[in-house]
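In case you want the letters, here they are:
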Amino acid sequence: MNIGFNTSATEELTVEKSAKGAIVSTPSTCFTFSVEDPGFNPREDGPVEHFGWGMGMQVIEGIELIPYGTRNDIPQLLRETVYNNPNIPGIMEKKQQLLWGQGPMLYADQLIDGKPGREWAYDSDIQNWLESFDYKEYLHKIIVDHSFMQGGFHEMVNAKSGRLGKNRIHSLEHLNPMWTRLGRENKSGKPTHCFVSDSFMAFTPEGYKLYPLFDKKDPFKSGRSVHYGRQYTFATDFYSIPTIYGALEWIRRSTAIPLILKALSKFSMNAKYHVTSPAAFWDKKREEMQADCGARNVPYEESMLDDYERLLFRSIIQTLSGEGNAGKIWHTKDIYAPDGTNLTTLGWTIKAIDQNIKEFVETQISIANKSDSAVSSAVGIHKSLAGISGEGKADSGSEQLYAYLMYKLTGVRIPEMIVMEMVNNAIKINFPEKNLKLGFYHEEAQRQEDQSSKDRPKNKDL
């Protein structure tokens, strides 16, 4: 991209950043700016991401590190996309709360009136062992990971009494998916190991530990082992593809809307343009600056790229505003990136914002509502349970009750099986005679009219 800078402007330039966007303004005008990464954005003819994540693995000490995503950053991508949005984190929390119910409890499988059911139980031996490693915090973290990624990493710690011939699982620990990756030995088909990295060192040779994967048939062959429990994704070998993945572009669109509306409000409806740039441009510019700093033997600082960005913003705003700029043009060159057999255009776009403010705002709100619906479908909970019903409307109690009952019937058992897999394996190993499991207890929800008056909640109880 070729840019001719004009830095002679005297007007003060203000840049307010929000996630990967910004409001750029002078006293006379402003524009909104965003950065998009087409490497993860769905296209009209299908997703750019081909999910071939097992290709081109990094080899460390003879073990192949299996990347989670083309850039090995799916957890980071989900975190940054979701938590920059004002609504989606709340939807994810609702999903976690629905699975948790009233919390974990022990139970025995029973036939009740000829149907499979659960007899909830209490056992002091198992309960004391669970509380010895704060099992509720461990399970809560695994639930959070599962709600985002349909999977999670568990570390199984064996007791030191195994040296005396008394094998026992000491505890279970949650591993941060940001810094945990599967590995395989000798290009075998299935993963055999797990890399657990120091978050400050990433997966450099000095910054990780290597553990074998948990072997249910021989759980005590290693003092520590790791298990990756996941909800199988069709035609994938190693990691789950998050169900929210296909909705990421909707989330980005929804996230950008408050920034645009802020510009319209703060600058007296004077935001005239929305400028979009490709992430590849900034990645390349950062590499160029780092190389230049290396050649000059000076340390590179991210503030250098920020200074360049401000110069670029000043050039854009000078070109797009003011009567004295009549006849000037903004010249760009598109960048092309290979995408399979196609070339994807990674160029800049500058779009005028229609000054029909009412229609423009209504359009943005419609996009936000559609985004919420798309995310609700991707997350797998009904809109009435997620709290994202139509604007200004509240779902009836019967609709919410029906959605909750359907969720209990169809949305609990598989996630519970995956989340509880390792703790139930450990209970079976440590207490083989107990025949108990851990599950999530859910109260039966009832309509107010189906309850006796004494059981209905009163205002003073709320």
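Residues numbered from 1 in each chain as written. Predicted model: local features only at pLDDT ≥ 70, side-chain atom pairs only at ≥ 80, totals over all residues. Heavy atoms only, no water.

What about the side chain of glutamate 309?
Right, on to step 1. Mapped onto the elements of the fold, glutamate 309 is located in helix H7 (residues 302-320).
Right, on to step 2. By relative accessible area, which is 10% here, glutamate 309 ends up buried.
Right, on to step 3. Contact partners of glutamate 309, with chain neighbours within four places excluded, come to Lys17, Phe33 and Trp282. (Helix = DSSP H or I, 4+ residues; strand = E, 2+ residues; numbered from the N terminus. Buried < 20%, exposed > 50% of the residue type's maximum accessible area, 1.4 Å probe, protein only. Contact = heavy atoms within 4.5 Å.)

Things to note about the pairing of strand E8 (residues 104-112)
Right, on to step 1. Judged from the 4 bridges that link them, E8 and strand E20 (residues 437-440) form a sheet pairing that is antiparallel. Note on E20: the bridge partner recorded for tyrosine 107 is lysine 437.
Right, on to step 2. Here E8 runs beside strand E9 (residues 115-121); their pairing, made up of 7 bridges, is antiparallel. Paired with leucine 106 across the strands is alanine 121, a residue of E9. (Pairing = 2+ DSSP bridges.)

A few points about the packing of helix H2 (residues 88-100) against helix H4 (residues 135-149)
Right, on to step 1. The N-to-C vectors of H2 and H4 enclose an angle of 130°; their axes lie 10 Å apart at closest approach. With respect to H4, the element H2 is oriented oblique. For the pair H2 and H4, the crossing hand works out as right-handed. Side by side, H2 and H4 meet where Met92, Lys95, Gln96, Leu99 and Trp100 of the first sit next to Lys136, Leu139, His140, Ile143, Val144, Ser147 and Phe148 of the second. (Axes fitted to C-alpha atoms, helices over the stretch in contact; angles between N-to-C directions. Parallel < 35°, antiparallel > 145°, perpendicular 65-115°, else oblique. Left-handed = near helix turned anticlockwise from the far one by under 90°.)

A look at the confidence of the model for the protein
Right, on to step 1. Overall, the prediction assigns the protein a mean pLDDT of 79, with 75% of residues at 70 or greater.
Right, on to step 2. Confidence drops under a pLDDT of 50 for residues 1-9, and excluding neighbours within four residues, the segment shows 27 contacts in the predicted structure.
Right, on to step 3. A low-confidence stretch, residues 39-48 (pLDDT under 50), is modelled with 23 contacts involving residues beyond four sequence positions or located in other chains. (pLDDT = per-residue confidence, 0-100.)

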